[in-house]
Amino acid sequence: MGEDDPDRFQSVKVSVLGRYMLADRREFPCQVIEMSPGDALVVAPISGSAGERIVIYLDHVGRIEGVIRDVVDGGFRLNLIASARKRDKMAAQLTWLTNKDILDLAEDRRHERVVPDIRHSSILLEDGRRYNCKITDISLSGAAVELDVRPALGTPVTLGRMRARVVRHFHDGIAVEFASVQEMLTVVQQNLRMN
């Protein structure tokens, strides 16, 4: 695909772990470090060869198929084979993945979610609108919040005094991820000193 190809998608930097299977059915772990709905840059121990069809199972994305476009140092670039519907879904997943910021992708699995003692809070949007909300559960990396509005995925918000970003929509609210775990720990420590 040339730069002037209308099918070319905007690639984004990501960090997604997975496993891939070469045409000869050998499987290896891999990491996708750049991706668009049309192609992916894969860090891999065994590169395969240009034109080879492979299958990758990626965390948060699922099963994708593609053809190795070219072999690069430490891996390969893959042209993805996907229907328009699958590409649209992938575009939404990539938006979510790129908004995960500093957080490691497994962060929300690693930190135990708890129901907070104080559940009522507020969400402030960048334009100054504030909405009352109810925190369903919270962890070091994010929170699930019952809310009447659905800010777009990726929207920066402030939950209470925590800077966060919208990462999922639920039928009765949203999930946010905090700008950084370090910031969360600092706020927790400050709050421990207050009455």
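Higher on the page you've got the structure.
The structure displayed is predicted, hence computed values, not measured ones. (Residues numbered from 1 in each chain as written. Predicted model: local features only at pLDDT ≥ 70, side-chain atom pairs only at ≥ 80, totals over all residues. Heavy atoms only, no water.)

K.L.:
Sorry, what's going on with the overall build of the protein chain here?
P.N.:
Counting its secondary structure elements, the protein chain contains three helices and 12 strands. The 195 residues of the protein chain split such that 40% are buried. When contacts within the protein chain are restricted to residue pairs at least 6 apart in sequence, long-range pairs at least 24 apart make up 47% of them. Carbon and sulfur atoms provide 51% of the accessible area of the protein chain, an area that totals close to 11,100 Å². (Helix = DSSP H or I, 4+ residues; strand = E, 2+ residues; numbered from the N terminus. Buried < 20%, exposed > 50% of the residue type's maximum accessible area, 1.4 Å probe, protein only. Contact = heavy atoms within 4.5 Å. Areas by Shrake-Rupley, 256 points an atom, 1.4 Å probe, with all protein chains shown as cover.)

K.L.:
Would you take a moment to explain unusual backbone geometry for this structure?
P.N.:
Comment: phi is negative for the bulk of residues other than glycine, and the bulk of peptide bonds are trans. A positive phi angle is found at R25, which is not glycine, with a value near 75°. Accessibility expressed as a relative area gives 62% for R25, which makes it exposed.

K.L.:
Would you mind going over the sheet that holds strand β4 (residues 53–58) with me for this structure?
P.N.:
Hydrogen bonds between backbone groups are what pair the strands of a sheet, and the pairing can be parallel or antiparallel. Taken together, six strands build a closed barrel; the order of strands is β1-β2-β3-β6-β5-β4 and the barrel is antiparallel. Taken pair by pair, the neighbouring strands of this sheet meet at an average axis angle of 45°, ignoring direction. Pairing between strand β2 (residues 27–35) and strand β3 (residues 39–43): four bridges, direction antiparallel. Paired with E34 across the strands is L41, a residue of β3. (Pairing = 2+ DSSP bridges. Axes fitted to C-alpha atoms, helices over the stretch in contact; angles between N-to-C directions.)

K.L.:
Explanation requested: the pattern of salt bridges in the structure shown.
P.N.:
As a working rule, side chains carrying opposite charge can pair if their charged atoms are close by. Within the structure shown, the criterion is met by nine salt bridges. Note that D39 is salt-bridged to R69, the shortest N-O span being 3.4 Å. With D39 in strand β3 and R69 in strand β5 (residues 62–72), this pair connects stretches of sequence that are 30 residues apart. You can call D39 buried: its relative accessible area is 3%. According to the relative accessible area criterion, R69 is partly exposed, its value standing at 24%. A salt bridge links R77 to D39; the shortest N-O distance between them is 3.7 Å. Pair noted here: R77 is in strand β6 (residues 75–81) and D39 is in strand β3, with a separation of 38 residues, a long-range link. A relative accessible area of 15% means that R77 is categorised as buried. Salt bridges here are not isolated pairs; linked through shared partners, they connect K13, E34, D39, R69 and R77. (Salt bridge = Lys/Arg side-chain N within 4 Å of Asp/Glu carboxyl O.)

K.L.:
Looking at this structure, I do not really get the sheet that holds strand β7 (residues 120–125). What am I missing?
P.N.:
One closed barrel accounts for six strands, arranged β7-β8-β9-β12-β11-β10; its pairing is antiparallel. Between one strand axis and the next, the sheet turns through 45° on average, direction left out of account.

K.L.:
When you look at the environment of V43 in this model, what are you seeing that I'm missing?
P.N.:
You can see V43 is positioned in strand β3. Overall, the relative accessible area of 37% leaves V43 in the partly exposed class.

K.L.:
Looking at this structure, I do not really get the pairing of strand β12 (residues 173–178). What am I missing?
P.N.:
The side chains of a regular strand alternate between both faces of the sheet. Counting buried positions along β12 yields six of six residues, so the element is predominantly enclosed. Pairing geometry for strand β9 (residues 142–146) and β12, over five bridges, is antiparallel. Note on β12: the bridge partner recorded for E146 is G173. Bridge count for strand β11 (residues 162–170) against β12 is six bridges, and the pairing is antiparallel.

K.L.:
Whenever I open this one, the nonpolar core confuses me. Can you help?
P.N.:
Grouped together as the largest cluster of nonpolar side chains are 26 residues, with contacts concentrated most on Y20, M35 and I56. Mapped onto this core, the elements with two or more residues apiece are β1 (12–21), β2, β3, β4, β5, β6 and α1 (84–98). Excluding residues within four positions of it along the chain, I56 makes contact with R19, Y20, C30, V42, G62, R63, I64 and L78. (Core = buried A, V, L, I, M, F, W, Y, C linked by side-chain atoms within 4.5 Å.)

Spatial relationships are all this shows, so hold off on functional conclusions.
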